[in-house]
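Working through the structure, step by step
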Amino acid sequence: MQNNGKRYRINGREDRISLLPDLLLGKILLNLPTKDVVKTSLLSIRWRSLWRSVPKLDLDDNEFPDYNSFVNFVNRFVFPVETPIENLKLTSKREKIDPLAIKSWVDAAVTRKLQHLEINFLKRYDGFDLLPIRIFVCQTLVCLRLRCMFFNELNHISLPRLKTMHLEEVRFKNPATLEALIVSCPVLEDLSIVRSQDDLKVIRVGSQTINTLNLVRSDDVTNHFDIDKWEVVIYCPRIKYLSLKDNKSDSFKIYSLSSPAKVDIAVDFNVKGVLDPNDLEKRSSIGNFLGRISSVKDMTICWNTLKVIHQYSKQEPIPQFYNMSHLHAKIFADDLEMLPDLLNSCPNLKSLVVELNVSTRKKEQIRFSYVPWCLWSRLESIEMKNPIGGVGVEMKLIKYFLENSASLKKLTICLGGRSMKEEYIIFKELLRYRRCSSACEVHVVGLEETLMKL
């Protein structure tokens, strides 16, 4: 829409921005927070009603003096039915909300070409359907992000354009609904499921289109009398990135993981303490999981996972990760004896990041049993993620890398002494270590600053 030849002036000068058509001004306002968009109505008569035509609403009820003010404002934005609402994001940190109001807002947005919906609540309202059922048959929806929601029954689901779905603390009366929801998204690419204090024994994710999957299942309260088996089953042949953070499930069944995939693993197979060597079922579950992910190229693996694998490796060999080129290992000092075996299972490893946790007790006389093949022939880059404080186990690990890595080109460390003088002493100690690779360069982050302050 043009502006009928009108001219707008600010402080005597021509206001060229106000001369732009409504459609273009709407696109400009689309990039601003809603509260700033509304403020533009004070600029001039030309801007007084423009904010109503912006197809985006992003509001937090905490920014209003009371909940009624929040409801009244959203009503003013949502219910002029002639304008589209492509992006609706509502955040609530209040203990009391109006479920009927929220339903009516989302219901109105669904009929107005809604593409992005994000509802973020502080607490879960069990027993209350806060969203209309029709959101799950929305033909225009592309992105759905929900937090702390509950749904009684979903009898029909059809989301033909949905590509992104993030569900955090979202519960369904029927446990099978989650699986049905995933299956009913034929172009879904990005899926995130976050659950704590879970009531879903088995989580199944099956999709031919998902390429990014984030699954978090945590339980701070361990029930030692729970005899049920908790399980995760994943069949996503096109997945490129998989993040698993789960301290509750007993087993993980992953099918058709492609070799270029990147995985971030933080699971403990519900092993609380010591792995029972006589628990053949648990050992089989761990071995099958490692075999399923053995084709990946890039892996980050967490402390507790490596602790379980360390115990497993005393009974069974670790599978070979022939495609692995990058490994980020978060490892307790107590488990460092397993490092040669871990590296030996990655014969083509080129890049290694070590995040060492030295908070546990560890004898200084740690010894590595042998030098794995990848250190002799492949490994080119090593990074010590944590600042080096001069603790014996840290220095022994660095010495082990420098003296045995024949192909190493770069070792990156960061000094973390209690004083500048202490850091300088650590640096001098590092200089005395023999390097197996003549091409190896040791990069010390912040070294110049340390030397200048001495």
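Keep in mind that this is a model prediction, so the values were computed, not measured. (Residues numbered from 1 in each chain as written. Predicted model: local features only at pLDDT ≥ 70, side-chain atom pairs only at ≥ 80, totals over all residues. Heavy atoms only, no water.)

Comments concerning the overall build of the protein
When its secondary structure is counted, the protein shows twelve helices and 22 strands. With 454 residues in all, the protein has 47% of them scored as buried. When contacts within the protein are restricted to residue pairs at least 6 apart in sequence, long-range pairs at least 24 apart make up 64% of them. Element-wise, carbon and sulfur atoms account for 51% of the exposed surface of the protein, whose accessible area totals about 22,800 Å². (Helix = DSSP H or I, 4+ residues; strand = E, 2+ residues; numbered from the N terminus. Buried < 20%, exposed > 50% of the residue type's maximum accessible area, 1.4 Å probe, protein only. Contact = heavy atoms within 4.5 Å. Areas by Shrake-Rupley, 256 points an atom, 1.4 Å probe, with all protein chains shown as cover.)

Looking at the side chain of R195
Residue placement: R195 occurs in strand β10 (residues 190–196). Within the structure, the side chain of R195 is placed 3.0 Å from the backbone oxygen of V170, a separation counted as a polar contact. Excluding residues that lie within four positions of it along the chain, R195 makes contacts with E169, V170, R171, L200, I203, V216, R217 and S218. (Polar contact = N/O pair within 3.5 Å; in protein donor to acceptor, adjacent residues only side chain to side chain.)

Side note on the confidence of the model for the protein
On average, residues of the protein carry a pLDDT of 85, and 81% of them reach 70 or more. Per-element mean pLDDT across the protein ranges from 50 in strand β1 (residues 9–10) up to 98 in strand β17 (residues 298–301). In this model residues 1–5 is a low-confidence stretch, pLDDT under 50, and it forms eight contacts with partners more than four residues away in sequence or in other chains. (pLDDT = per-residue confidence, 0-100.)

Here we look at the nonpolar core
With 126 residues, the main nonpolar core has L117, L131, M165, L244, F289 and F401 as its most contacted residues. Each residue touching L244, except ones within four places of it in the same chain, is listed here: L215, I234, F252, I254, D264, I265, A266, V267 and F289. (Core = buried A, V, L, I, M, F, W, Y, C linked by side-chain atoms within 4.5 Å.)

What to know about the packing of helix α6 (residues 280–292) against helix α7 (residues 303–313)
Running from N to C, α6 and α7 cross one another at 110°; their axes reach a closest spacing of 11 Å. As summarised for this structure, α6 and α7 are arranged roughly perpendicular, according to the angle between their axes. The crossing of α6 and α7 is left-handed. Seen from α6, the contacting residues are R283, I286, G287 and L290; seen from α7, they are V308, I309 and Y312. Across the contact of α6 with α7, the residue classes tally to five nonpolar, one polar and one charged. (Axes fitted to C-alpha atoms, helices over the stretch in contact; angles between N-to-C directions. Parallel < 35°, antiparallel > 145°, perpendicular 65-115°, else oblique. Left-handed = near helix turned anticlockwise from the far one by under 90°. Nonpolar A, V, L, I, M, F, W, Y, C, P; charged D, E, K, R; others polar.)

Side note on unusual backbone geometry
The backbone phi angle of C148 is positive, close to 60°, even though this residue is not glycine. Checked against the element boundaries, C148 lands in the loop between β6 (143–147) and β7 (150–151). When its relative accessible area of 5% is taken as the criterion, C148 is described as buried. The phi angle at S256 is positive, at roughly 60°, despite the residue not being glycine.

A few points about the side chain of Q311
Secondary-structure assignment places Q311 in helix α7. Ignoring sequence-local partners within four residues, the contact set of Q311 consists of G273, V274 and L275.

Some remarks on the environment of V194
Mapping V194 onto the fold places it in strand β10. Ignoring anything within four residues of it in the chain, the contact list for V194 reads L167, E168, E169, N214 and V216.

Considering the packing of aromatic side chains
Taken as a whole and assessed by the stated rule, the structure comprises twelve aromatic pairs. An aromatic cluster is built from F64, Y67, F70, F73 and W105, whose rings are joined through pairwise contacts. When the ring centre of W230 is taken as origin, the NZ or CZ atom of K248, which lies over that ring, is 4.1 Å away. (Phe/Tyr/Trp six-rings, centres within 6.5 Å; stacked < 30°, edge-to-face > 60°. Lys NZ or Arg CZ within 6 Å of the ring centre and 35° of its normal.)

Structural notes on a positive patch on the surface
A surface patch of like charges, here positive, comprises K297, K350, R378 and K409. Note on placement: R378 falls in the loop between α9 (373–377) and β20 (381–384). (Patch = residues over 30% accessible without salt bridge, like charges linked within 9 Å, V, L, I, M, F, W, Y side chains within 5 Å. Salt bridge = Lys/Arg side-chain N within 4 Å of Asp/Glu carboxyl O. Lys, Arg positive; Asp, Glu negative; His and termini not counted. Charge placed at Lys NZ, Arg CZ, Asp CG, Glu CD.)

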